[in-house]
Structures are given as structure tokens and as C-alpha cells.
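One letter stands for each residue in the lines below.
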Amino acid sequence: LIQLKGGKGLPLNRPVGVLRWSYSGEDAAPISINCWPEDEGTGSINVNVEFELTRSDMILTDVNILLPLGATDPPAIEEIDGQYKHDPSTGMMCWHHDVIDASNSTGSLEFSIAGSDVDAFFPVQVMFKSDSFLCPIDINGVTSITNGAAIPNSIQKSVSPDAYQVS
């Protein structure tokens, strides 16, 4: 049973968030990211980045993995699953995937770029959306607290992390 404080009813014909949930356990992240920059000793760094969907029950959409490059020069892409965009004004690269799900649960990116500071590639930031919850919760219906009658309603479920960084 979810209701507003003081036993007040929810407003009609107006969207309202009624449940906000936070979880920070080790199994909370639905995707793991590994980034291995390696100084080649020749003024070039070779970078390998991999992701793995750790929650096969979730479907992630509009996934963006943001990598600081430590330089404004574009990276030389060796191998990539998905697409990328380079922003020279910020020195960032966005590795994008429309969908990551059980049938597309892993991916890799390999590139090289001029430089020698392997720490420049951190923190990696991850953004995504999902209609799948991290916990099995569902809304069975909406009823009036006054008379118990069913109230017509619509429900929109979404998950998006406030912050997700790999340091």
C-alpha cells in the first residue's frame, strides 16, 4: 500500500512520483565496465574497453559509455562493437549502444591515441535507460482510500542511474 503522507489521496489527472528507491549493493549495477589503458612507450596509448550485462533479466536502452581521452585528437579505432562519437572540444569519446540485452550482452572497443598518461581515461561514466526494474516490483492497481473503488490509471516505469562511474 502506497499513499501520500497524512493519508491524503493522490491528485487526479496529474502525474506524480510515488515511489523512489535506492540500492547500492554490489549486485545493483546491471552492467560492468572494464577499461585497460596501456602505455606503448612510443607516445601512444592502446586502450581496451569491455562491457558485460550482469543482469540478464534487464534490457538497457540508449547506453552511453563516456570515456575521457586526455587529448583533443581523435582516437584511432581498431575494433568496435556499437558506434562512437568523438568530441574534440571536451576531449571525450561516447561509445553508444541502442540496446544491450541478453542477446547482446557483451561488447568491446579497442583504440589507440597519442599520449602517455594512462590515468587520463578515468573516470568512465555510464548512462542508460531501462523499463526493467532492479527489483521485482509491480503495481497491481489503484484504488480509492475513501470507498475502495478501482481508479483508472496509467503507469510508467523507468530506471536511469543518477550517477554511474568506473574509477
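Report on the accompanying structure. Nothing here was measured: the structure is a model prediction, and the numbers come from that model.

### Side note on the overall build of the protein chain
Check the secondary structure of the protein chain and you find zero helices and nine strands. In sequence order, the secondary structure elements of the protein chain are arranged as β-β-β-β-β-β-β-β-β. Against the 2.2 N^0.38 benchmark of 15 Å for 167 residues, the protein chain shows a C-alpha radius of gyration of 21 Å, more extended than a compact globule. Principal-axis analysis of the C-alpha atoms places the extent of the protein chain at approximately 75 × 30 × 25 Å. Across the 167 residues of the protein chain, 30% fall into the buried class. Entry remark: accessible area of the protein chain is about 10900 Å², with carbon and sulfur atoms responsible for 48%.

### A closer look at the nonpolar core
Counting 28 residues, the largest nonpolar core has Ile-31, Ile-33 and Phe-111 as the members making the most contacts within it. Among the secondary structure elements, those contributing two or more residues to this core are β1 (31-39), β2 (44-53), β3 (60-68), β6 (92-100), β7 (106-114) and β8 (124-129). Element by element, the count of residues in this core is highest for β2, at five residues. Excluding its chain neighbours within four sequence positions, the residues that come into contact with Ile-33 are Val-49, Glu-50, Phe-51, Ile-65, Val-124, Val-126 and Val-166.

### Concerning the pattern of salt bridges
On inspection of all chains with the given rule, the structure shows two salt bridges. Across the salt bridge formed by Arg-55 and Asp-57, the nearest N and O atoms sit 2.9 Å from each other. By relative accessible area, Arg-55 is classed as buried at 17%. In this structure, Lys-129 engages Asp-62 in a salt bridge whose closest nitrogen and oxygen atoms are separated by 3.8 Å. Taken as a pair, Lys-129 in strand β8 and Asp-62 in strand β3 lie far apart in primary sequence, 67 residues in all.

### A closer look at the pairing of β1
The two faces of a sheet get side chains in turn, since along a regular strand they alternate between them. Bridge count between β1 and β2: nine bridges; the pairing is antiparallel. Bridged to Pro-37 within β2 is Val-47. Taking the residues that link successive antiparallel strands as the turn, the β1-β2 hairpin has four residues, and the phi of Gly-41 there is positive, at about 80°.

### A closer look at the side chain of His-97
With respect to the helices and strands, the residue His-97 is situated in strand β6. We classify His-97 as buried; its relative accessible area is 6%. In this structure the side chain of His-97 is engaged in a polar contact, spanning 3.3 Å, whose partner is the backbone oxygen of Asp-81.

### Brief notes about unusual backbone geometry
In this model, Phe-122 is joined to Pro-123 through a cis peptide bond whose omega is 0°. Relative to the helices and strands, Pro-123 resides in the loop between β7 and β8. For Asp-62, which is not glycine, the phi dihedral falls at a positive 50°.

Calculation notes
Residues numbered from 1 in each chain as written. Predicted model: local features only at pLDDT ≥ 70, side-chain atom pairs only at ≥ 80, totals over all residues. Heavy atoms only, no water. Helix = DSSP H or I, 4+ residues; strand = E, 2+ residues; numbered from the N terminus. Rg over C-alpha atoms; globule rule 2.2 N^0.38 Å. Buried < 20%, exposed > 50% of the residue type's maximum accessible area, 1.4 Å probe, protein only. Areas by Shrake-Rupley, 256 points an atom, 1.4 Å probe, with all protein chains shown as cover. Core = buried A, V, L, I, M, F, W, Y, C linked by side-chain atoms within 4.5 Å. Contact = heavy atoms within 4.5 Å. Salt bridge = Lys/Arg side-chain N within 4 Å of Asp/Glu carboxyl O. Pairing = 2+ DSSP bridges. Polar contact = N/O pair within 3.5 Å; in protein donor to acceptor, adjacent residues only side chain to side chain.

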